[in-house]
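Descriptive structure summary
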Amino acid sequence: MRNTLVLAAALAAGLSSAALAADAVETIPSAPVAYETAPAFSWSGPYLGIHGGYGWGDADIEGAGSQNFDGARMGGFVGYNWQFSNGFVAGVEGDVNYDWNNDDVAAGVDAESGFSGSARARLGYAMDRTLIYAAGGWTATNVEVDTPVGDDDDTLHGWTIGAGVDHAFTDNLFGRVEYRYNDYGNGNLAGADVDFNQHVVQVGLGVKF
């Protein structure tokens, strides 16, 4: 009788262990769920856009004194950025513009500036989709004068410096607000020396590739 009880107990223990082992084999832990993270935004790459704004020009004209050449402007820009791991961004940019600036400098004498352009280096700091930058380089503009005895024009070359903010609304579309100071140097119009500088505030819309 005792042997029978011992055998029954051993058999029960064996069956219980087998059942637990089977449960352990059948209960396989599921793999952890992998979540994809969106890549960080980068300002690196080429871009282009359009801008418009207003310019306040000041010209010193020999024989006519200081004259104001204020007016609207429109233009386009193209450039390339390199963003570094520390958030700094370096780039190059060029633009072409047209300024509606003119003034009557004397009786029957009208002067104006028209096409202008620049090539600038940029350095900025990116805070995710917002880029704060400063830029400077070469600039030039065409100035004209109309007189009763004839017309004349000259291209002035100088330097430009400014700062602005670019903000990316999407991965490809960004907006811009910018201030720029242009010192176009001096030239000659109809025998008179001309010195011209300009303050510009403009907004733009660009596409990044």
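Calculation notes
Residues numbered from 1 in each chain as written. Predicted model: local features only at pLDDT ≥ 70, side-chain atom pairs only at ≥ 80, totals over all residues. Heavy atoms only, no water. Pairing = 2+ DSSP bridges. Helix = DSSP H or I, 4+ residues; strand = E, 2+ residues; numbered from the N terminus. Axes fitted to C-alpha atoms, helices over the stretch in contact; angles between N-to-C directions. Buried < 20%, exposed > 50% of the residue type's maximum accessible area, 1.4 Å probe, protein only. Polar contact = N/O pair within 3.5 Å; in protein donor to acceptor, adjacent residues only side chain to side chain. Contact = heavy atoms within 4.5 Å. Salt bridge = Lys/Arg side-chain N within 4 Å of Asp/Glu carboxyl O. Phe/Tyr/Trp six-rings, centres within 6.5 Å; stacked < 30°, edge-to-face > 60°. Lys NZ or Arg CZ within 6 Å of the ring centre and 35° of its normal. Patch = residues over 30% accessible without salt bridge, like charges linked within 9 Å, V, L, I, M, F, W, Y side chains within 5 Å. Areas by Shrake-Rupley, 256 points an atom, 1.4 Å probe, with all protein chains shown as cover.

1. Here we look at the sheet that holds strand S8 (residues 192-208)
- Pairing is antiparallel around the closed barrel formed by eight strands, whose spatial order is S1-S2-S3-S4-S5-S6-S7-S8. Recorded for the sheet is a direction-independent mean angle of 20 degrees between the axes of neighbouring strands.
- Bridge count for strand S2 (residues 65-83) against strand S3 (residues 88-106) is eleven bridges, and the pairing is antiparallel. Counted as the bridge partner of Gln 83 is Val 89 from S3.

2. Quick word on the side chain of Ser 118
- If you trace the backbone, Ser 118 turns up in strand S4 (residues 109-127).
- Residue classification places Ser 118 among the buried residues on the basis of a relative accessible area of 5%.
- A polar contact is formed between the side chain of Ser 118 and the side chain of Arg 180, at a distance of 3.4 Å.
- The contact partners of Ser 118, leaving out residues within four places of it in the chain, are Glu 93, Gly 94, Asp 95, Trp 138, Thr 139, Thr 160 and Arg 180.

3. Description of the pattern of salt bridges
- This structure, assessed with the given rule, holds ten salt bridges.
- Arg 73 serves as the salt-bridge partner of Asp 99, at 2.9 Å between the closest nitrogen and oxygen. Taken together, the residues Asp 99 in strand S3 and Arg 73 in strand S2 connect sequence positions 26 residues apart. You'll find Asp 99 and Arg 73 in the same group, each marked buried.
- Glu 178 is the salt-bridge partner of Arg 180, the closest N and O atoms lying 3.0 Å from each other.
- A single salt-bridge network, built from bridges that share partners, covers Glu 93, Asp 95, Arg 120, Arg 122, Asp 166, Arg 176, Glu 178 and Arg 180.

4. A few points about the packing of aromatic side chains
- The final tally for this structure, using the stated rule, is 13 aromatic pairs.
- Ring geometry for Phe 69 and Phe 196: centres 6.0 Å apart, planes at 80 degrees, overall edge-to-face. Of the two residues, Phe 69 is situated in strand S2 and Phe 196 in strand S8; the sequence distance between them amounts to 127 residues.
- On the numbers, 4.9 Å between centres and 75 degrees between planes, the contact of Tyr 98 with Phe 115 is edge-to-face. Remark: Phe 115 occurs in strand S4 and Tyr 98 occurs in strand S3; sequence separation between them is 17 residues.
- These aromatic residues form a ring-pair network of at least three members: Phe 41, Trp 43, Tyr 47, Phe 77 and Phe 174.
- Here the guanidinium or amino end of Arg 122 rests over the ring plane of Tyr 133, the centre of that ring lying 4.3 Å away.

5. Thoughts on the pairing of strand S6 (residues 150-168)
- Strand direction decides the pairing type here: strand S5 (residues 130-147) and S6, joined by 18 bridges, are antiparallel. Each bridged residue has a counterpart across the sheet, and for Val 143 the counterpart in S6 is Asp 154.
- Where S5 folds back onto S6 in an antiparallel hairpin, the turn is made up of two residues.
- Note that S6 and strand S7 (residues 173-189) share ten bridges and pair antiparallel. Bridge assignment links Ile 161 to a residue of S7, and that residue is Tyr 181.
- In this structure, the hairpin formed by S6 and S7 is closed by a connection of four residues.

6. Focus: a nonpolar patch on the surface
- Together, Tyr 80, Trp 82, Phe 84, Phe 88, Val 92, Leu 123, Tyr 125, Met 127, Ile 132 and Val 165 line one region of the surface with nonpolar side chains, adding up to about 950 Å² of accessible area.
- In this fold, Leu 123 is placed in strand S4.
- Judged by relative accessible area, which is 53%, Leu 123 ranks as exposed.

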